[in-house]
Amino acid sequence: RLAEENGWEIIMDDTYPYGTTEFGAQLARIRAEEPAIIFGCMTSVDTSVAFVNQFLQNPTNSLIFIQWSPVAAKFKELLGEKANGVLWQTEYAYLPTPENLAWAEEFEARFGRAPGMAWPAMMEDMLYIWKAAVESCGSPIDYECIYEYLENLSEHPYEGREGRYGMDPARHEGLTGADWIPIHFYQIQNGQDVLLYLGTRAVEGNRFQIPPWFRD
């Protein structure tokens with residue numbers, strides 16, 4: 001485990017069924033141990049909201065890091081001010097470039113809602129990657145050619161809203177990292193998602209804030 005390799009002690013490693021909304025047993029252990037970080041792999045918004053609500057009834061001086069579910073606007077809507085201080089990350093989000101911020105504003109003006117962090121930008125990127133493959137192959141139904149184009153995407157990477165797209169042909173996986181699609185690390189501050197890191201690179205001008213539930 002990377003955490004242990006970097007000197008961290010894991011005091012609790014628990015799993016739960018998808019959709020769980022009762023964390024009394026886990027929180028009893030957390031309050032007894034007072035860990036520095038609570039890392040939750042919670043893909044359900046209802047689960048993560050329930051955990052934060054129950055944790056805040058008697059919080060410890062622990063950072064809360066949730067892997068995915070805060071990407072949904074519903075997370076902040078349900079928690080309100082109680083979401084402030086929560087850390088979260090997503091591998092798929094549009095880069096905060098002036099062009100992309102303008103695109104997000106145009107999206108909201110057209111559809112009456114913000115595009116969200118992940119899917120609209122990714123779907124647009126996927127469409128244009130497919131378009132580039134079709135143009136290269138000269139046909140939308142030359143599936144073998146399109147497959148080969150995508151399998152060797154790193155030889156002609158696509159620069160999209162979420163970063164630079166390439167492919168590991170041996171593992172058939174998209175490439176991630178600073179030179180490709182970076183992971184975005186956020187903290188919710190004053191009801192807004194504040195981007196702290198792109199991969200391991202700190203975002204200039206944005207600062208981590210001590211969560212409001214921390215006691216002296």
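Look a little higher up for the structure.
Okay, so let's go over this structure. The structure displayed is predicted, hence computed values, not measured ones. (Residues numbered from 1 in each chain as written. Predicted model: local features only at pLDDT ≥ 70, side-chain atom pairs only at ≥ 80, totals over all residues. Heavy atoms only, no water.)

## Things to note about the overall build of the chain
- Of the regular secondary structure elements, the chain holds seven helices and ten strands.
- Judged by the C-alpha coordinates and their principal axes, the chain covers about 65 × 40 × 35 Å.
- Relative to its full complement of 216 residues, the chain shows a buried share of 38%.
- Residue pairs at least 24 apart in sequence account for 54% of intrachain contacts in the chain once pairs closer than 6 positions are excluded.
- Of the roughly 13000 Å² that the chain leaves accessible, carbon and sulfur atoms contribute 53%.
- A gap of 7 Å separates the mean positions of the 15 positive and 32 negative side-chain charges of the chain. (Helix = DSSP H or I, 4+ residues; strand = E, 2+ residues; numbered from the N terminus. Buried < 20%, exposed > 50% of the residue type's maximum accessible area, 1.4 Å probe, protein only. Contact = heavy atoms within 4.5 Å. Areas by Shrake-Rupley, 256 points an atom, 1.4 Å probe, with all protein chains shown as cover. Lys, Arg positive; Asp, Glu negative; His and termini not counted. Charge placed at Lys NZ, Arg CZ, Asp CG, Glu CD.)

## Notes on the state of the cysteines
- Tallying each qualifying case throughout the model produces one disulfide.
- Between the sulfur of Cys137 and that of Cys145 lies a disulfide, 2.1 Å long from S to S. Measuring the twist about the S-S bond at about -90 degrees, one finds the Cys137-Cys145 disulfide to be left-handed. (Disulfide = S-S within 2.5 Å.)

## Digging into the layout of surface pockets
- Of the pockets and cavities examined, the largest pocket occupies roughly 1200 Å³.
- For the largest pocket, the lining is made up of 30 residues, of which Met12, Ile37, Ile38, Phe39 and Gly40 are closest to its centre.
- Of all the secondary structure elements, the ones that give two or more residues to the lining of the largest pocket are helix 1 (2–5), helix 2 (24–33), strand 1 (37–40) and strand 2 (63–66).
- A per-class count over the lining of the largest pocket returns 20 nonpolar, four polar and six charged.
- Estimates place the volume of the second largest pocket at around 580 Å³. (1 Å grid on protein atoms, 1.4 Å probe; cavity = no way out; pocket = protein on both sides within 12 Å on 5 of 7 lines; lining within 4 Å. Points joined across faces, edges and corners; volume = space filled by probe spheres on them. Nonpolar A, V, L, I, M, F, W, Y, C, P; charged D, E, K, R; others polar.)

## With respect to helix 7 (residues 143–151)
- Listed in full, the buried residues belonging to helix 7 are Ile146, Tyr149 and Glu151.
- Check the buried side of helix 7 and you find it contacts helix 6 (119–137) and strand 6 (167–168).

## Thoughts on the side chain of Gln189
- Along the chain, Gln189 turns up in strand 8 (residues 184–189).
- Taking relative accessible area as the criterion, Gln189 reaches 9% and is therefore assigned buried.
- Among residues more than four places away in sequence, those in contact with Gln189 are Asn84, Val194, Leu196, Arg207, Phe208 and Gln209.

## What about the nonpolar core?
- Counting 28 residues, the largest nonpolar core has Phe51, Phe55, Ile64, Ile66, Phe75 and Val86 as the members making the most contacts within it.
- When contributions to this core are tallied by element, the ones reaching two or more residues are helix 2, helix 3 (45–55), strand 2, helix 4 (73–79), strand 8 and strand 9 (192–198).
- With five residues, helix 3 is the largest single contributor of residues to this core.
- Not counting chain neighbours up to four residues away, the residues in contact with Phe55 comprise Leu27, Arg31, Ile38, Thr60, Ser62, Ile64 and Trp213.
- Residues Ile129, Cys137, Leu153 and Ile181 belong to the second largest nonpolar core, which totals nine residues. (Core = buried A, V, L, I, M, F, W, Y, C linked by side-chain atoms within 4.5 Å.)

## Focus: unusual backbone geometry
- Residue His172 is not a glycine yet carries a positive backbone phi of 60 degrees.
- With respect to the helices and strands, the residue His172 is situated in the loop between strand 6 and strand 7 (173–174).
- Of note, the phi angle at Asn190 is positive, near 50 degrees, even though the residue is not glycine.
- One can find Asn190 in the loop between strand 8 and strand 9.

## Topic: the environment of Phe39
- On the secondary structure map, Phe39 appears in strand 1.
- For Phe39, a relative accessible area of 54% puts it in the exposed group.
- Separated by 24 residues in sequence, Phe39 and Leu63 have C-alpha atoms that sit 8.3 Å apart.

## Quick look at the environment of Trp119
- Within the fold, Trp119 resides in helix 6.
- Of the residues examined, Trp119 reaches a relative accessible area of 46% and is grouped as partly exposed.
- For Trp119 and Arg161, which are 42 residues apart along the polypeptide, the C-alpha to C-alpha distance reads 11 Å.

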